[in-house]
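Structural description and commentary
Each chain, written out:
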Amino acid sequence: MNEMLQAWIDACVGTPGTLGGGIRLPDGLVLSRSADESFPTERIERVLAHLAEFQPQLPAAIPAPLASTWLFEQGRIRCVVRPDGCLLGIAVRSETEAAAKLDQLTDAFLALE
Amino acid sequence: MDDDAVFLGTIADLFAAWSQDKWRIHQAGSADQALDVLKKEKIDVIVVDANMPVLDGVQFLKVLSRRHPELKKVMLTGLATEEKRSACLASGAELFIEKPRSSDGLKAVFAMLDELMTWKPREGFQGMLRKVGLQDVIQMECLGRNSCVLEISNPQTTGRLYIEEGSLIHAILGNLSGEKALQKLLSLAGGSFQLLPFESPPQRTINGPWEFLLMEAARVRDESAQAGAQEETSPEAGAPGVQSTVVETLVSSEQGEVLYEWQIQNAPARVAWLQGVTQLAAAMAAEAPLGGFDRLEIKAGNGRAVAQTRADRLVFVRTTSQTLSS
């Protein structure tokens, strides 16, 4: 399972414009891949930890999110949490192929078996 | 500048306290005194009482525009009329504000002045209000609960936005009207705009809080840019047949004071959450080389929520969507 997820995330970060991304499993294990030296795996893992920390803090009024996107001046971080607790976090630069494919990537992550 | 020394002293004390002494406030009881201060000090913004003896506010604005073209000028008046407002804006005022009569009104004026000090011109647009951009002007007009018509033009097209007592009520651009016209107007890459006296539009096509409308326009603009089809996109593209309804709105100061809320069940908790979003965004910005944080968008259930952090404001808006049968 983990090898399959690692292969999946490796393939994802190959899209031009991706800085890096990873999957955090419910047991805390992180599978990550960097695609840009300015965003190494240690940083990716810290971002994933922040995203995981954020999920339980969502106000009760907001239904469980399908996806959340943190938008910055030069790019965005997409976070998707599956019903089984697996969390995807991926950082992409604005106006790139990777940014345009974020919704597609979200659907693919939710459909992973 | 005001000839009412008591009003001047009260405002100066309050604004100094609210700015946490970041503002240096100079007081002048006449045009001569004000010009003297301007000669000796570097002033960012001047607030002028419209009804001064000897030299009235509009005449004084013209003097200021000539002698200090970079100075941001705000006109404060006890009795706001559309004629006076047009005259002040045409004479170089960036803002025209009615004198507040309550503590909340004073806070709104403080917030407007605070924003005005940090505003810079946006690329691509020039207008009667020289130092601020189109979106900023809309924000100022809405915050000031003003009524006006904004006419926006570029070589290809001309559109209009109608603001009545601080609410965006109508937009028109070619064959488009309502939110689609507003979004298209705000996505124009350049052009000019001018502020006209308010006149009733033929119909009301826009409802909902202006904060949400501007954020929604920003989202649509981002998504259009993302698709690389800002100009080529069909005006009808987007979500035909889908109606969005705002179900919660909250605006707070950076310090956590609730400035506006609508249908938020536990406003202090939501403000705390927004402050948490800001802190988390800062932590992530330190890790990922993506620049400063703009906003968080959450897609949830049949709607979405947006949390936006500004220099002095936190904004939260949640909507639900409903597909309309044709």
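How each quantity is defined
- Residues numbered from 1 in each chain as written.
- Chains lettered and ligands numbered in written order.
- Predicted model: local features only at pLDDT ≥ 70, side-chain atom pairs only at ≥ 80, totals over all residues.
- Heavy atoms only, no water.
- Helix = DSSP H or I, 4+ residues; strand = E, 2+ residues; numbered from the N terminus.
- Contact = heavy atoms within 4.5 Å.
- Axes fitted to C-alpha atoms, helices over the stretch in contact; angles between N-to-C directions.
- Parallel < 35°, antiparallel > 145°, perpendicular 65-115°, else oblique.
- Nonpolar A, V, L, I, M, F, W, Y, C, P; charged D, E, K, R; others polar.
- Salt bridge = Lys/Arg side-chain N within 4 Å of Asp/Glu carboxyl O.
- Buried < 20%, exposed > 50% of the residue type's maximum accessible area, 1.4 Å probe, protein only.
- Buried area = accessible area lost by both parts, 1.4 Å probe.
- Polar contact = N/O pair within 3.5 Å; in protein donor to acceptor, adjacent residues only side chain to side chain.
- Phe/Tyr/Trp six-rings, centres within 6.5 Å; stacked < 30°, edge-to-face > 60°.
- Lys NZ or Arg CZ within 6 Å of the ring centre and 35° of its normal.
- Pairing = 2+ DSSP bridges.
- pLDDT = per-residue confidence, 0-100.

Let's shift gears to the environment of A:A64. Looking at the element boundaries, A:A64 is found in the loop between α2 (41-54) and β3 (65-72). Residue contacts for A:A64: discarding those within four places in its chain leaves B:A300 and B:G301.

Below, the discussion takes up the packing of α2(A) against helix α9 (residues 267-287) of chain B. Any two packed helices are characterised by the angle at which their axes cross and by the distance between the axes. At a minimum axis distance of 9 Å, the contact between α2(A) and α9(B) shows a crossing angle of 170 degrees. In terms of axis orientation, α2(A) runs roughly antiparallel to α9(B). Touching A:R43, A:R46, A:V47, A:H50, A:L51, A:E53 and A:F54 of α2(A) are B:W273, B:V277, B:L280, B:A283, B:M284, B:A286 and B:E287, all from α9(B). Of the residues assigned to the contact of α2(A) with α9(B), the class counts are nine nonpolar, one polar and four charged.

Now for the pattern of salt bridges. All chains considered together, the criterion is met by 18 salt bridges over all chains. Across the salt bridge formed by A:D84 and A:R82, the nearest N and O atoms sit 3.0 Å from each other. Here A:D84 falls in the partly exposed class, since its relative accessible area comes to 39%. Here B:D36 and B:K40 are joined by a salt bridge, their closest N and O atoms 3.1 Å apart. Here the residue B:D36 and the residue B:K40 both occupy positions in helix α2 (residues 31-40), the gap between them amounting to four residues, near one helical turn. A relative accessible area of 34% places B:D36 in the partly exposed class.

Take the interface of chain B and chain A next. When the parts come together, some accessible area is lost, and that loss is often what is quoted as the size of the interface. Taken together, the contact between chain B and chain A spans 31 residues of the former and 39 residues of the latter. Of the roughly 3000 Å² buried between chain B and chain A, counting both surfaces, carbon and sulfur atoms make up 66%. At the junction of chain B and chain A, the tally comes to one salt bridge. Residue A:R46 pairs with B:E287 through a salt bridge whose shortest N-O separation is 2.8 Å. Scanning the region where chain B abuts chain A turns up twelve residue pairs in polar contact (both at pLDDT 80 or more). Of all the elements in the fold, those that place two or more residues in the side of chain B that touches chain A are α8 (210-226), α9, β12 (293-300) and β14 (313-323) of chain B. Examining the composition of the side of chain B that touches chain A, we find that ten residues originate from one element, α9(B), more than from any other.

Looking now at the packing of aromatic side chains. In this structure the tally under the stated criterion is eleven aromatic pairs over all chains. Considering the side-chain rings of A:F54 and A:W70, the 5.0 Å spacing of their centres and the 75 degrees angle between planes classify their relative orientation as edge-to-face. Placement of the pair is A:F54 in helix α2 and A:W70 in strand β3, with a sequence separation of 16 residues. Each member of the pair, A:F54 together with A:W70, is buried. Look at B:W273 and B:F316: their rings are 5.7 Å apart centre to centre, the planes differ by 90 degrees, and that puts the pair in the edge-to-face class. Remark: B:F316 occurs in strand β14 and B:W273 occurs in helix α9; sequence separation between them is 43 residues. Three or more aromatic residues joined by ring pairs make a cluster, and in this case those are A:F54, A:W70, A:F72, B:W273, B:F293 and B:F316. Positioned above the aromatic ring of B:F7, the side-chain terminus of B:K99 is 4.7 Å from the ring centre. Looking at B:R270, its charged tip hangs above the ring of B:F316, at a distance of 4.8 Å from the centre.

All names here are of chain B. Pairing within the open sheet is parallel, and its three strands lie in the order β1-β2-β3. Sheet topology places β1 (45-49) and β3 (95-98) at the edges, where each strand pairs with a single neighbour. Within the sheet, the average angular offset between the axes of one strand and its neighbour, ignoring direction, is 25 degrees. Examined bridge by bridge, strand β2 (residues 72-77) and β3 share four bridges and lie parallel to one another. Counterpart to M75 in the pairing with β3 is F96.

Let us look at unusual backbone geometry. Phi is positive for A:E95, which is not a glycine, with a value near 55 degrees. Within the fold, A:E95 resides in the loop between β5 (87-93) and α3 (97-100). A positive phi angle is found at B:E165, which is not glycine, with a value near 45 degrees. Structurally, the position occupied by B:E165 is in the loop between β6 (157-164) and β7 (167-173).

A word on the confidence of the model for chain B. All names here are of chain B. Averaged over all residues, the pLDDT of chain B equals 77, while 81% of them reach at least 70. α9 holds the highest mean pLDDT among the elements of chain B, 92, whereas strand β4 (residues 125-127) holds the lowest, 40. Considering only residues more than four positions removed or in separate chains, one finds that residues 121-132, a stretch of pLDDT under 50, has 48 contacts. Counted against residues more than four places away or in other chains, residues 229-241, with its pLDDT under 50, gives 17 contacts. Quick note on the complex model: pTM equals 0.53, ipTM equals 0.95.

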